[in-house]
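Architecture at a glance
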Amino acid sequence: MCNCLAEDAPALSNAAGWTLATVYLYFKYCNLRCRHCWINPPYSSTRSLKSDELAMSAIIAALDECRELGMGSVKITGGEPFARQDIFELLEYLKKNGVRIDMETNAVLIRGPEAKALKEAGVRQVAVSLDGPDARTHEYLRGVNGSFDDALKGIGALIKEKLSVQIITCLWKGNIDRVKDTVLLAASLGASSVKINPVHAIARAHSMERSEETLGVRETIDFYHRLTGELKEEKRVRLIFDIPPAFRPMKEACRERIGSCGIFNILGLLGDGRISICGIGSVADALVLGRIGEDKIKDVWHNNSVLKDIRADVPSRLEGICGRCIFKNYCLGKCRANAYYLGGSIRAPLAFCQAAYEEGLFPESRMIW
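Everything quoted here is computed from the prediction, not taken from an experiment. (Residues numbered from 1 in each chain as written. Predicted model: local features only at pLDDT ≥ 70, side-chain atom pairs only at ≥ 80, totals over all residues. Heavy atoms only, no water.)

**A look at the packing of aromatic side chains**
Summed over all chains, the structure comprises 9 aromatic pairs. Arranged with centres 5.4 Å apart and planes meeting at 10°, the rings of Tyr140 and Trp172 form a pair that is stacked. Of the two residues, Tyr140 sits in helix H4 (residues 135-142) while Trp172 sits in the loop between strand E7 (165-171) and helix H6 (179-189), which places them 32 residues apart along the sequence. For Tyr140, a relative accessible area of 44% gives the class partly exposed. Look at Tyr224 and Phe241: their rings are 5.3 Å apart centre to centre, the planes differ by 50°, and that puts the pair in the tilted class. (Phe/Tyr/Trp six-rings, centres within 6.5 Å; stacked < 30°, edge-to-face > 60°. Helix = DSSP H or I, 4+ residues; strand = E, 2+ residues; numbered from the N terminus. Buried < 20%, exposed > 50% of the residue type's maximum accessible area, 1.4 Å probe, protein only.)

If you want it as structure tokens, here you go:
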């Protein structure tokens, strides 16, 4: 039997209690105006610290608290990390303390010095947003003229430093016919992988859904099979499509923890000081767990009622099709932030999977009868 179908829940705690493995660090401001952003950061064209942003000293103090809970890695994201001039201070701190680093960025502000700093800090992977093979396609979604060429320059600087670069493409009807060309462009640039994320109707993307620019479930599934078939022989770059494991071939679903929710072992620190399960606290007040400087992170981690509910209810009390899926102990309902935002409960089924089930598209071989 495939290991991912084992009845036992993942080993996510130890004798000292639940382990905080990874912190997602979200900076508040962004230098782009992306139409689909689920974090909904305010726009800023300057890199100076704003009065409503958390000081770097407070961020580092919070990360010190997280290290006491077992934190070994940090994903730096946004907003845009390089929209802050003091990002280099953070990189130095993480390197000094042996913390593994991943980063998500639009790369618009990255040139030689920034790429070198990431290399020297030991960053494992830099994920860069690129939504099309040309400026027109990319910039329609990203909302700032010139951002395509600037992103390519940033990617070039990262590749020059021999950093592992993953291209992230957000999939919607406006670029569905250009994804193959985007993948081929990423390969020519020297990227190690391309991750394709269908746009979901969270925060700003509500307007895209209302104007019928997002893909339906059937369109997403059909495109997944078509694209992976077309690029089957493309070996220069690894292709990752963000679709729940129930829709993947069994061998592929079990090979890696693609599409698995890390909710038991992560915490989100937001740029204005709020603490959440990830970045969802920026658009869902009910998932704000506390505030940096006001609440001890150790107390939040061990005693917050939202986290207690997650640990008690996921995956055993997942509702809808997620509760009937053979992968529930493996994918844990995939993204619980998405499920909460669209379904109103941590136990709610993932909207994509539930819609697929109601449309008769959820594979019967993946259901518990």
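**Overview of helix H3 (residues 112-120)**
Looking only at H3, the buried set comprises Glu114, Ala115, Ala117 and Leu118. Across the axial projection of H3, the buried residues extend over an arc of 160°, all falling on one side. Structurally, H3 contributes buried residues whose contacts are with helix H2 (87-96), strand E5 (100-105), strand E6 (125-129) and helix H5 (147-160). Directly after H3, the chain includes Gly122, whose backbone phi takes a positive value near 80°. (Arc of directions from axis to C-beta. Contact = heavy atoms within 4.5 Å.)

**Things to note about the nonpolar core**
Counting 111 residues, the largest nonpolar core has Leu63, Ile76, Leu90, Leu118, Leu269 and Ile277 as its most contacted members. Here the element with the most residues in this core is helix H1 (residues 56-68); it accounts for 6 residues. Residue contacts for Leu118: discarding those within four places in its chain leaves Phe82, Leu91, Met103, Ile110, Val123, Val126, Leu158 and Leu163. In this structure, Leu141, Cys170, Val199 and Met208 belong to the second largest nonpolar core, which totals 6 residues. (Core = buried A, V, L, I, M, F, W, Y, C linked by side-chain atoms within 4.5 Å.)

**Quick notes on the confidence of the model for the protein chain**
Detail in the predicted coordinates should be disregarded across regions flagged by low pLDDT. Residue-level pLDDT values for the protein chain average 92, and 93% of them are 70 or greater. Contacts from residues 6-16, a stretch scored under 50 in pLDDT, to residues over four places away or in other chains number 13 contacts. (pLDDT = per-residue confidence, 0-100.)

**A word on the side chain of His36**
With respect to the helices and strands, the residue His36 is situated in the loop between strand E3 (22-26) and H1. Of the residues examined, His36 reaches a relative accessible area of 11% and is grouped as buried.

**Regarding the environment of Glu358**
Tracing the chain through its elements places Glu358 in helix H14 (residues 351-358). Separated by 228 residues in the primary sequence, Glu358 and Leu130 have C-alpha atoms spaced 33 Å apart.

**Description of the sheet that holds strand E9 (residues 238-241)**
Within the open sheet, the 10 strands sit side by side as E9-E8-E7-E6-E5-E4-E3-E10-E11-E12. Their pairing is mixed. Edge strands, defined here as strands with exactly one partner in the open sheet, are E9 and strand E12 (288-291). Mean inter-strand twist for the sheet, computed between neighbouring axes without regard to direction, equals 20°. As judged from the 4 bridges shared by strand E4 (residues 73-77) and E5, these two strands associate in the parallel manner. For Ile76, the partnering residue across the bridge sits in E5 and is Met103. (Pairing = 2+ DSSP bridges. Axes fitted to C-alpha atoms, helices over the stretch in contact; angles between N-to-C directions.)

**Quick notes on unusual backbone geometry**
For the bond from Gly78 to Gly79, the omega torsion is 10°, close enough to zero to count as cis. Mapped onto the elements of the fold, Gly79 is located in the loop between E4 and H2. With phi around 60°, Asn40 is a residue other than glycine that occupies positive phi space. Secondary-structure assignment places Asn40 in the loop between E3 and H1. Of note, the phi angle at Glu212 is positive, near 60°, even though the residue is not glycine. Positionally, Glu212 belongs in the loop between helix H7 (206-210) and helix H8 (217-230).

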